[in-house]
Amino acid sequence: MRFRAPRSISPSPVRQTQRHRSTFGLQSDSEESSGSNNGTDSDYSDSDSNESIILSLSSDSFCYASESEVPKLPPKPNRDARNSAEQRKIEETVAAIRLRTRHHDPYEDWERQTRIDAFRTARKELNVDQKRFHDAQDRNRTAQMEGRAAQHARQIQEMDSLFEKLRMKAKHEEEQLLKDVKARQAKMWEGIEGVIKAEEEVVRARLAQQREEEEKKQEEKRKEEEAAQRALQEKEAAEKKAKEEEARKVEEERQKLKEKEEEDARLKITKEHDEAQQQELRRITGMNTPEEDWKLYHAHLEATKRDTMKTVKADKGARTEWSKWRREFTPKIGQLTNDTNEINRIDEQSTAIFHILCPPNGPSHHPAIYKALLYSLAKTIILQAETEVTAQKNSARPIAAVAFNLLETVKDFDEVFFTKLVQRAGGWPVPYLVPSDNYSGSDPARAKAAMKARKLALGYREDGDLVMESLEAYTGRISGIMRVYFNILKFRPNQKPLHPAFQLPRFWAWLTRLLKNKQLLELPVAPQLIYSVYFFPFSRHWTNEPTTAALDSMDIEGRKIWGHQFNKLLELIYEGVTTGYEAGKLIGGTAPEAIAARSRVKTVVESLLLG
């Protein structure tokens, strides 16, 4: 709020013209002369300070060899003498400044006092208005309270009258109810007496009827005894005949059971013979069962940790050489992109890594160091897959290209690489459900340790706080590893066939093993791997095409390789994500991650089967 004061009837004072005086507050000629004397004194003080400098120099811990080495004193500054006109101008300026700072303006005092008076007047009016407003508020509040009190009293009176009416009504209803009850009781007793009389008549009629029925029953009983006697004789004859028939059937069953046992023994021998032949065939062709594969590569992993890595880390020289060369792997594997220029760089990086493992001009590595370097290289590739492919799925192809080149050129790298895959991804590369120790006791520490060991064997990883990673992180990491693995299967070797674990038929074996293992199908990771692994290898080439076009390419290539069996697998997968592989069991279970993955698998399979 802005207040304005009424103008005063007194005339405002008029500013007076300032009088300039040139000699106000300035030094006189005598002062100027004294100033010159002061200048002389300052010269003396300067000379004294120079003498003190010389004395301090002479009091140092060293002395000059001759007078010529003593430093000369600095020259005195030259003072320019001002003329009388300049000096007078300076004095007049200083006098004007002093006069301005000490001048008292009556108009400004009047204007300041006017503002103060206006503020006081406005303050008084504000107090009066506020008092008037507060009084009006008090009156309104009092009136409202009186109105509410009157309304409350009126409502109380109305409620009292209403309650009185209700009491009178209840009393009248109670009296009427008592009259009705008495009339109903009288009527009820009249009905009871009538019913009693009627029941007595009924009982008499019933007793007469019962006597007649007893006579009939006795007659019928006599006839039934005669019939039972005849039936007993017939039954004995039938039982004799049935025993003879049963003995004949028992003999037949015994004969059939003997024949069945002989047939089962023959089938068992045939089955054992067939299994032995299949096992021998698998041994010859390198096709093992999932359990045999997992145990084999798990044994390789334990042997590598126990023999190779322990030997290298125990020897200081070997450990230094191993650490030196393994640090060269990460720059050559990291930051691979899916473009044309990257193809040439991948070949160069693969060659560089091969030269690290097999020096062309130097001596070969010690066998233990060489195997430790293979172990570190496999770990670097898989860690890169976990990091890069999880964030960008197109990174799987170049990483797989580097791994494929190394698998094709580096000796013994295939077995080490697949062993590391089994370690980082659990049993999924096989695939195989890692067994547990089946502990069901009451010791919580042992149960927790057993659960932790099983999760680590399944491929779960711990963070810095020794807490297991979440299901979402675990699914993404396993998908990244398996995406790189199945991209390796897509490459065609140029020099020699790769290890059976890295050949294209392994893809078909992996999928059939997964679909046959119902325990694996229950895990939430299964539908995500079917989607991101099964459809990806055929869909990602060295381009950035959208997923739909890539899946069309997979459909054509899948049918070209496996023919009609490919469609059967798609139908089996579609049945597992829609109706279930068993009654009420869908692939992946009920986890939210599994539900989303099943939806994606269903969409892709429908597009493939209908395309």
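As the structure is a computational prediction, the values presented were derived from the model and not from experiment.

**Concerning the overall build of the chain**
Secondary structure assignment for the chain yields 18 helices and zero strands. Classification of the 611 residues of the chain by burial places 27% in the buried group. Pairs at least 24 apart in sequence give 72% of the contacts found in the chain among residues at least 6 apart.

**A closer look at unusual backbone geometry**
The omega torsion of the bond from Val430 to Pro431 falls at -10°, within 30 degrees of zero and hence cis. Structurally, Pro431 is set in the loop between α10 (413–425) and α11 (444–458). Positive phi, normally seen in glycine, also occurs at Asp412, with a value near 65°. With respect to the helices, strands and loops of the structure, Asp412 is situated in the loop between α9 (396–409) and α10. Residue Asp412 is classed as partly exposed on the basis of its relative accessible area of 45%.

**Quick look at the side chain of Asp293**
Within the secondary structure, Asp293 is located in helix α4 (residues 290–314). Residue Asp293 is classed as buried on the basis of its relative accessible area, which comes to 3%. At 3.4 Å, the side chain of Asp293 forms a polar contact with the side chain of Arg506. Apart from residues lying up to four places away in sequence, Asp293 is in contact with Asn288, Val430, Arg506 and Arg513.

**Here's the deal with a negative patch on the surface**
Taken together, Glu212, Glu213, Glu214 and Glu215 make up a surface patch of like negative charges. Secondary-structure assignment places Glu213 in helix α3 (residues 106–285).

**A short note on a positive patch on the surface**
Among the surface-exposed residues, Lys313, Arg326, Arg327 and Lys379 lie close enough to one another that they form a single positively charged patch. Its place among the elements puts Arg327 in the loop between α5 (316–326) and α6 (329–333).

**Thoughts on the pattern of salt bridges**
Enumeration over the complete set of coordinates arrives at 24 salt bridges. Here Glu239 makes a salt bridge to Lys235, at a shortest N to O gap of 3.9 Å. You can see Glu239 and its partner Lys235 sitting in helix α3, four residues apart, about one turn around the helix. Of the residues examined, Glu239 reaches a relative accessible area of 39% and is grouped as partly exposed. Judged by relative accessible area, Lys235 falls into the partly exposed class, the value being 49%. Ionic pairing is found between Arg477 and Glu386, a salt bridge with its closest N-O pair at 3.2 Å.

**Description of empty space enclosed by the protein**
The gaps left among the atoms become clear once a water-sized probe is rolled over them. Taken as a whole and judged by the stated rule, the model has two cavities of 30 Å³ or more. The space that makes up the largest cavity amounts to roughly 40 Å³. Together, Ile381, Ile382, Ala385, Phe417, Leu421, Ile481, Val484 and Tyr485 line the largest cavity. Elements supplying a minimum of two residues to the lining of the largest cavity: α8 (367–391), α10 and α12 (471–490). A per-class count over the lining of the largest cavity returns eight nonpolar, no polar and no charged.

**A look at the nonpolar core**
By size, the foremost hydrophobic cluster in this structure holds 84 residues, and its most contacted members are Leu357, Ile381, Phe413, Phe417, Trp428, Tyr485 and Phe502. Looking at this core, the element that brings in the most residues is α8, giving 13 residues. Look past the residues within four positions of Ile381 in its chain and what remains in contact with it is Ile333, Ile399, Ala403, Leu406, Phe413 and Phe417.

**As for the packing of α8 against α10**
Where α8 contacts α10, the two axes come as close as 9 Å, and the packing angle between them is 50°. As summarised for this structure, α8 and α10 are arranged oblique, according to the angle between their axes. By crossing handedness, the relation of α8 to α10 is classed as right-handed. Taken together, the residues of α10 that come into contact with α8 (itself represented by Lys371, Leu374, Tyr375, Leu377, Ala378, Lys379, Ile381, Ile382, Leu383 and Glu386) are Phe413, Val416, Phe417, Lys420, Leu421, Gln423 and Arg424. For the contact of α8 with α10, a count of residues per class yields 11 nonpolar, one polar and five charged.

**Some details on the side chain of Ser376**
Note that Ser376 resides in helix α8. Excluding anything up to four places from it in sequence, Ser376 contacts Trp322, Arg326 and Phe329.

**A closer look at a nonpolar patch on the surface**
Residues Met159, Leu162, Phe163 and Leu166 make up a contiguous nonpolar surface patch of roughly 360 Å² in combined accessible area. In this structure, Leu162 sits in helix α3.

**Some thoughts on the packing of aromatic side chains**
A full pass over the atoms with the stated rule returns 15 aromatic pairs. Look at Phe418 and Phe502: their rings are 5.9 Å apart centre to centre, the planes differ by 90°, and that puts the pair in the edge-to-face class. Of this pair, Phe418 sits in helix α10 while Phe502 sits in the loop between α12 and α13 (505–516); the two residues are 84 residues apart in sequence, bridging distant segments of the chain. Across this residue pair, the class does not change: Phe418 and Phe502 are buried. Taking the relative accessible area as the measure of exposure, Phe502 reaches 2% and is therefore buried.

**Describing helix α17 (residues 564–578)**
The end-to-end C-alpha separation of α17 is 21 Å, in line with the 21 Å expected for 15 residues at 1.5 Å each. Among the residues of α17, those classed as buried are Phe566, Asn567, Leu569, Leu570, Ile573, Gly576 and Val577.

**Regarding the packing of α9 against α12**
Axis separation between α9 and α12 bottoms out at 8 Å; the angle between their running directions is 60°. Here α9 is positioned oblique relative to α12, judged by the angle of their axes. Crossing geometry of α9 relative to α12 is assigned as right-handed. On α12, the residues that touch Ala396, Arg397, Ile399, Ala400, Ala403, Phe404 and Leu407 of α9 are Arg483, Val484, Asn487, Ile488 and Lys490. Looking at side-chain class alone, the contact of α9 with α12 contains eight nonpolar, one polar and three charged residues.

**Things to note about the confidence of the model for the chain**
On average, the chain scores 78 in pLDDT, and the residues at 70 or more come to 77%. Between residues 1–10, whose pLDDT stays under 50, and residues either more than four places distant or in other chains, the model counts five contacts. For the stretch residues 536–555, pLDDT sits under 50, and the model shows 49 contacts to residues farther than four places along the chain or on other chains.

About the criteria used
- Residues numbered from 1 in each chain as written.
- Predicted model: local features only at pLDDT ≥ 70, side-chain atom pairs only at ≥ 80, totals over all residues.
- Heavy atoms only, no water.
- Helix = DSSP H or I, 4+ residues; strand = E, 2+ residues; numbered from the N terminus.
- Buried < 20%, exposed > 50% of the residue type's maximum accessible area, 1.4 Å probe, protein only.
- Contact = heavy atoms within 4.5 Å.
- Polar contact = N/O pair within 3.5 Å; in protein donor to acceptor, adjacent residues only side chain to side chain.
- Patch = residues over 30% accessible without salt bridge, like charges linked within 9 Å, V, L, I, M, F, W, Y side chains within 5 Å.
- Areas by Shrake-Rupley, 256 points an atom, 1.4 Å probe, with all protein chains shown as cover.
- Salt bridge = Lys/Arg side-chain N within 4 Å of Asp/Glu carboxyl O.
- Lys, Arg positive; Asp, Glu negative; His and termini not counted.
- Charge placed at Lys NZ, Arg CZ, Asp CG, Glu CD.
- 1 Å grid on protein atoms, 1.4 Å probe; cavity = no way out; pocket = protein on both sides within 12 Å on 5 of 7 lines; lining within 4 Å.
- Points joined across faces, edges and corners; volume = space filled by probe spheres on them.
- Nonpolar A, V, L, I, M, F, W, Y, C, P; charged D, E, K, R; others polar.
- Core = buried A, V, L, I, M, F, W, Y, C linked by side-chain atoms within 4.5 Å.
- Axes fitted to C-alpha atoms, helices over the stretch in contact; angles between N-to-C directions.
- Parallel < 35°, antiparallel > 145°, perpendicular 65-115°, else oblique.
- Left-handed = near helix turned anticlockwise from the far one by under 90°.
- Phe/Tyr/Trp six-rings, centres within 6.5 Å; stacked < 30°, edge-to-face > 60°.
- Expected span 1.5 Å × (residues − 1).
- pLDDT = per-residue confidence, 0-100.

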